Structures are given as C-alpha cells and as structure tokens.
Amino acid sequence: MAGKAKYQRILLKFSGEALMGDQDFGIAPAIIEQVSSEVKDLVDAGIQVAIVIGGGNIFRGVSLSASGMDRTTGDQMGMLATVINSLALQDGMEKAGLSARVMSAFTIDTVCEDYVRRNAVEHLDNGRVVIFAAGTGNPYFTTDSAASLRGIEINADVVIKATKVDGVYSDDPVKNPAATKYDKLSFDEVITQKLAVMDTTAMVLCRDNNTPIIVFDMNKKGALANVVNGHDEGTLVS
C-alpha cells in the first residue's frame, strides 16, 4: 500500500462517542479491536499514523458547563477523559502487535509521555502509532481543533475524520432522507454553510495551512484504506 498510497502520514480523528459502539457510555472492546486492526493494516504497509480521540463517551465539559459548572474545570475533566480513551486505544494497538505511544498535552508522565513535537515525529518515523491525548491542553478548544493542530504540527498529509456517516451532507441524513452528500467541498463552503464537519477553529487552521480533511464512515469495512489510497471515499474538504 505504501508505494501506491496517496497519503503517507495521516492524522486520524475519532470522537469519543465512536468508542461506545452500541453501549450508552464507556468503551466497547470490539470497537477498539476494529480500529486497531485497521490501523495495523496501514502501519504494516508503511503508512505513518497519528490519532486524536475525543472524550465524549466518558465526559463532555461543555455539557456540565451548561448546567452551571465552571467551563474551565469542565473542559479539564473532558481532557482527562481523552487520556483514558487514549490509554485504552494504546492497549488495543499493542494487543494487535503494534508499537504505540500516548502523548499528553499536559503533564501526566506517570501514565504517558508529555507531548513534544520532535519526539512525536521520531515515533512516527520509527513506525510507532502516536496517540495525542488531552486535546490542546487548553480549555475552550475542542478535540477537532486539537486534531487540526497536531496534524499541522507533524506535517500530516491529511486529517481524516471518522464518523458514523459516509461523508458530509447538506443536512442530517438520519433526520432528512433527502439530504445531499458532497464529494468535495472547499473550506470556505464548509464555514459559510455551517456544515457539520469540524468546528470553525479546526477548519480555519487546516485552510490556512493547506491541510486537507477527509470525512468517512468508520463502520464501513475497508473505507479507511480507500481514503489513504486516494480512492473515491467520503468527502474531501480542501
């Protein structure tokens, strides 16, 4: 795959909710196993893989903020939730035979490494999967923004967002069967039309640094490989 793949270094973004599977909360082992297996196929083919994962399956700071909790405190709790998910994903990767490292945006070095860009790139060059935890390390920023930021910092060829639908639509396809799927969009179209891809900060970061985003269905077998190989899969934002 590496010789034919369109993208050689990728930043893969998962929501925390994606790890729940059919559960109401928490982490579904089957999802960890599925993700690890697909990532292993990429790494075995020579693709460098970095990952950012959210924490919404455990805790969302913005939710408690709406109920009166201090927003900074809530966001810090949410960042800790991403560390839990990242450690679970690291364990799954290692069980699949991969070498993986969790790197946190804030110091928590008894359980994982601190994020240092040069070290992250060295891990990738040595065939390790790098999982970026704790978002950007700052409140008021989403893990979408963290994914864009880390993707740009490590010079990823593309930011790939895994979702439960097969791309970007004009409306919620679950609620509106008449919604139109887009194959390609510009960053400005996504921003001005307020399409649900990533938050505006994440989109602007990628736009200003010429880093494309691809949205795809993580539940479709072989879809991730298709994206990396440059096949017609999902929605390209560039």
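Below you will find a few notes about this structure. The structure presented is a predicted model; accordingly, all values stated were derived computationally and were not measured. Residue positions are given per chain, counted from 1 along the sequence in the order it is written. Restriction of local features to residues with pLDDT of at least 70 applies here, the model being predicted, together with a cutoff of 80 or more for giving and counting side-chain atom pairs; totals for whole chains, interfaces and linings are based on all residues. Note that water and hydrogens are dropped before the side-chain values are worked out from all heavy atoms of the structure.

## Side note on the layout of surface pockets
Link 1 in the chain: In this structure, the second largest pocket spans a volume of roughly 190 Å³.
Link 2 in the chain: Lining the second largest pocket are 13 residues, and of these Gly230, His231, Asp232, Glu233 and Leu236 lie nearest its centre.
Link 3 in the chain: Residue classes follow a fixed rule: Ala, Val, Leu, Ile, Met, Phe, Trp, Tyr, Cys and Pro count as nonpolar, while Asp, Glu, Lys and Arg count as charged, and any other residue, Gly among them, counts as polar. In terms of residue class, the lining of the second largest pocket is built from 4 nonpolar, 4 polar and 5 charged. Each cavity reported here is a set of points on a 1 Å grid over the protein atoms alone in which a 1.4 Å probe fits but cannot get out, each pocket an open set with protein on both sides within 12 Å along at least five of seven lines, and each lining residue one with an atom within 4 Å of a point. Grid points are joined across faces, edges and corners, and a volume is the space filled by probe spheres set on the points.

## A look at the environment of Arg207
Link 1 in the chain: Secondary structure elements follow DSSP: runs of H or I no shorter than four residues count as helices, runs of E no shorter than two count as strands, and numbering proceeds from the N terminus. Here Arg207 lies in helix α7 (residues 200-208).
Link 2 in the chain: Along the backbone, Arg207 and Gly26 are 181 residues apart, and their C-alpha atoms lie at a distance of 33 Å.
Link 3 in the chain: In protein, a polar contact requires one atom able to donate a hydrogen and another able to accept it; more generally it is a pair of N or O atoms within 3.5 Å, and residues adjacent in sequence count only if both atoms are side-chain atoms. Of the polar contacts made by the side chain of Arg207, one reaches the side chain of Asp208; its length is 3.1 Å.

## Digging into the packing of helix α1 (residues 29-44) against helix α3 (residues 71-95)
Link 1 in the chain: Only C-alpha atoms enter the line fits that serve as axes; for helices the fit covers just the stretch in contact. Angles between N-to-C directions range over 0 to 180 degrees. Close contact between α1 and α3 brings their axes to 9 Å; oriented N to C, the two are set at 55 degrees. Relative to α3, α1 is oriented oblique. In the crossing of α1 with α3, the sense of the turn from one axis to the other is right-handed. For the pair α1 and α3, the contacting residues are Ile32, Val35, Ser36 and Val39 in the first and Ala88, Leu89, Gly92 and Met93 in the second.
Link 2 in the chain: Along the lines of polarity and charge, the residues of the contact of α1 with α3 split into 6 nonpolar, 2 polar and no charged. Put simply, angles under 35 degrees are roughly parallel, angles over 145 are roughly antiparallel, angles from 65 to 115 are roughly perpendicular, and the rest are oblique. Take the far helix as the reference: if the near one is turned anticlockwise from it by less than a right angle, the crossing is left-handed, and if turned clockwise, right-handed. Any two residues having at least one pair of non-hydrogen atoms within 4.5 Å are treated as being in contact.

## What to know about empty space enclosed by the protein
Link 1 in the chain: As enumerated under the stated definition, the model contains 1 cavity of 30 Å³ or more in all.
Link 2 in the chain: Quantified by volume, the largest cavity comes out at close to 40 Å³.
Link 3 in the chain: Every residue lining the largest cavity is listed: Phe14, Gln34, Val35, Glu38, Phe216, Met218 and Leu224.
Link 4 in the chain: If one sorts the elements of the lining of the largest cavity by residue count, α1 sits on top with 3 residues.

## Details of unusual backbone geometry
Excluding glycine, residues mostly carry a negative phi; peptide bonds, for their part, are mostly trans.
Link 1 in the chain: Phi at Lys194 takes a positive value of approximately 55 degrees, unusual for a residue other than glycine.
Link 2 in the chain: Positionally, Lys194 belongs in the loop between α6 (187-192) and α7.
Link 3 in the chain: Phi at Asn210 takes a positive value of approximately 55 degrees, unusual for a residue other than glycine.
Link 4 in the chain: Along the chain, the position of Asn210 falls in the loop between α7 and β10 (213-217).

## Regarding the nonpolar core
What tends to happen in soluble globular proteins is that the nonpolar side chains get buried as a cluster.
Link 1 in the chain: Definition used in this section: a nonpolar core is a set of buried Ala, Val, Leu, Ile, Met, Phe, Trp, Tyr and Cys residues joined via side-chain atoms within 4.5 Å. Accessibility here uses a 1.4 Å probe with only protein chains present; expressed as a share of the type maximum, an area under 20% marks a residue as buried, one over 50% as exposed, and anything in between as partly exposed. Within the largest apolar cluster, 40 residues are counted, with the highest numbers of intra-cluster contacts made by Ile10, Val39, Ile51, Met93, Val129, Ile160 and Phe216.
Link 2 in the chain: With 6 residues, the single largest contributor to this core is α1.
Link 3 in the chain: Apart from the residues lying within four places of it in its own chain, the contact partners of Val129 are Val39, Val43, Val49, Ile51, Met93, Leu98, Ser99, Ala100 and Arg101.
Link 4 in the chain: Membership of the second largest hydrophobic core comes to 28 residues, among which are Ala50, Ala146, Ile154 and Met203.

## Topic: the packing of helix α5 (residues 143-153) against α7
Link 1 in the chain: Put simply, α5 and α7 touch, their axes get as near as 7 Å, and they point 15 degrees apart. Here α5 lies roughly parallel to α7, going by the angle between them. Helix-helix and strand crossings are classified by hand; for α5 and α7 the assignment is left-handed. Within the contact between the two elements, α5 uses Asp144, Ser145, Ser148, Leu149 and Ile152 and α7 uses Thr201, Ala202, Leu205 and Cys206.
Link 2 in the chain: Taken together, the residues of the contact of α5 with α7 break down into 5 nonpolar, 3 polar and 1 charged.

Distances and angles like these do not, on their own, reveal function.
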